[in-house]
Amino acid sequence: MSFVFTKKNTLKIQELKKSYPKKKALILPLLWMVQKQDNFISEAAMKKVADITEQSYIHIYGVVTFYTMFRLNKPEKKIIEVCRTLSCELNGSEDIKAYLDYNYSNEYEILEVECMGACSGAPMCTLNGKYMENVTKEELTRVLK
Ligand code: FES
């Protein structure tokens, strides 16, 4: 099975190439694009990224498996990511995660992730990729209904 970028993403890649003279520097933006497009990164997509960036497949595989935020399998449920890094941890992310696990694990895949760069909004999480900051159990309950 092959992977094909959408027409919109193909145009974005052409634009990105202008900003990244070294093709290797395109690896992470392309992997994010793949994950946003398919919700996971397939072997075929990694091969496509390898072709575009002129890197080996195993190098791309190494990048994908190094970062915990990249998914190798298609998620069966909608995803909630809860940041577990220091600022979020100090502001209650562990409690938020436990609350989500207890109440929503049948409907959502609830993942712990490292800092997502929104520390000033700790605790934060994402719901289908959209950031939610200063989250509370009450707000989550409201949004998830
Ligand atoms: S520590 Fe949670 S977003 Fe940075």
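Residues numbered from 1 in each chain as written. Predicted model: local features only at pLDDT ≥ 70, side-chain atom pairs only at ≥ 80, totals over all residues. Heavy atoms only, no water.

A. Quick peek at the overall build of the chain. In terms of regular secondary structure, the chain is built from seven helices and four strands. Counting helices and strands in the order they occur from the N terminus, the chain gives α-α-α-α-β-α-α-β-β-β-α. In terms of overall dimensions, the chain has C-alpha extents of about 45 × 30 × 25 Å along its principal axes. Counting the 145 residues in the chain, one finds 38% classified as buried. For the chain, the exposed area adds up to about 9100 Å²; of that, 52% sits on carbon and sulfur atoms. Charge separation in the chain, taken as the distance between the mean sites of 21 positive and 18 negative side-chain charges, equals 10 Å. (Helix = DSSP H or I, 4+ residues; strand = E, 2+ residues; numbered from the N terminus. Buried < 20%, exposed > 50% of the residue type's maximum accessible area, 1.4 Å probe, protein only. Areas by Shrake-Rupley, 256 points an atom, 1.4 Å probe, with all protein chains shown as cover. Lys, Arg positive; Asp, Glu negative; His and termini not counted. Charge placed at Lys NZ, Arg CZ, Asp CG, Glu CD.)

B. Local environment of the pairing of strand 1 (residues 78–83). For strand 1, the tally of buried residues reaches five of six residues, placing the bulk of the element in the interior. Sheet analysis places strand 1 next to strand 2 (residues 108–113), joined by six bridges and oriented parallel. Counted as the bridge partner of Lys78 is Tyr108 from strand 2. Bridge count for strand 1 against strand 3 (residues 125–127) is three bridges, and the pairing is antiparallel. What sits directly across from Glu81, in strand 3, is Thr126. (Pairing = 2+ DSSP bridges.)

C. Geometry of the packing of aromatic side chains. All told, the structure shown has seven aromatic pairs when counted by the stated rule. Where Phe3 meets Phe5, the ring centres are 4.9 Å apart and the plane angle is 90°; that geometry is what we call edge-to-face. For the pair shown, Phe3 and Phe5 are each scored as buried. Residues Tyr104 and Tyr108 carry aromatic rings whose centres are separated by 6.3 Å and whose planes lie at 70° to one another, so their mutual orientation is edge-to-face. An aromatic cluster of three or more residues is present, and its members are Trp32, Phe66, Tyr67 and Phe70. Above the plane of the ring of Tyr57 lies Lys47, whose end atom (NZ or CZ) is 5.9 Å from the centre. (Phe/Tyr/Trp six-rings, centres within 6.5 Å; stacked < 30°, edge-to-face > 60°. Lys NZ or Arg CZ within 6 Å of the ring centre and 35° of its normal.)

D. Examining the nonpolar core more closely. Ranked by size, the top nonpolar core spans 20 residues in total, and within it Phe5, Leu31, Val34, Ile41, Val49, Ile60 and Val64 carry the most contacts. Of all elements in the fold, only helix 2 (27–38), helix 3 (43–53) and helix 4 (57–66) reach the threshold of two or more residues within this core. Counting residues per element, this core draws most heavily on helix 3, which supplies six residues. In contact with Ile41, not counting residues within four places along its chain, are Leu31, Val34, Gln35, Met46, Val64, Phe70, Arg71 and Leu72. (Core = buried A, V, L, I, M, F, W, Y, C linked by side-chain atoms within 4.5 Å. Contact = heavy atoms within 4.5 Å.)

E. A look at the side chain of Glu81. Tracing the sequence through the fold places Glu81 in strand 1. A distance of 2.7 Å separates a polar atom in the side chain of Glu81 from a polar atom in the side chain of Thr126. In this structure Glu81 touches Arg71, Leu111, Val113, Met116, Met124, Cys125 and Thr126, once residues within four positions along its chain are discounted. (Polar contact = N/O pair within 3.5 Å; in protein donor to acceptor, adjacent residues only side chain to side chain.)

F. Examining the environment of Val82 more closely. Within the fold, Val82 resides in strand 1. Take Val82: its relative accessible area is 2%, and that puts it in the buried class. Distance from Val82 to Cys125, taken between C-alpha atoms, is 4.4 Å for residues 43 residues apart in sequence. Discounting residues that sit within four places of it in the chain, Val82 has contacts with Ser93, Ile96, Lys97, Leu100, Ile110, Leu111, Glu112, Val113, Met124 and Cys125.

G. Examining the domain arrangement of the chain more closely. With domains assigned, the chain is organised as domain 1 (7–66) and domain 2 (78–144). Taking only C-alpha atoms, the centre of domain 1 and the centre of domain 2 are 27 Å apart. (Domains from an automatic or database assignment.)

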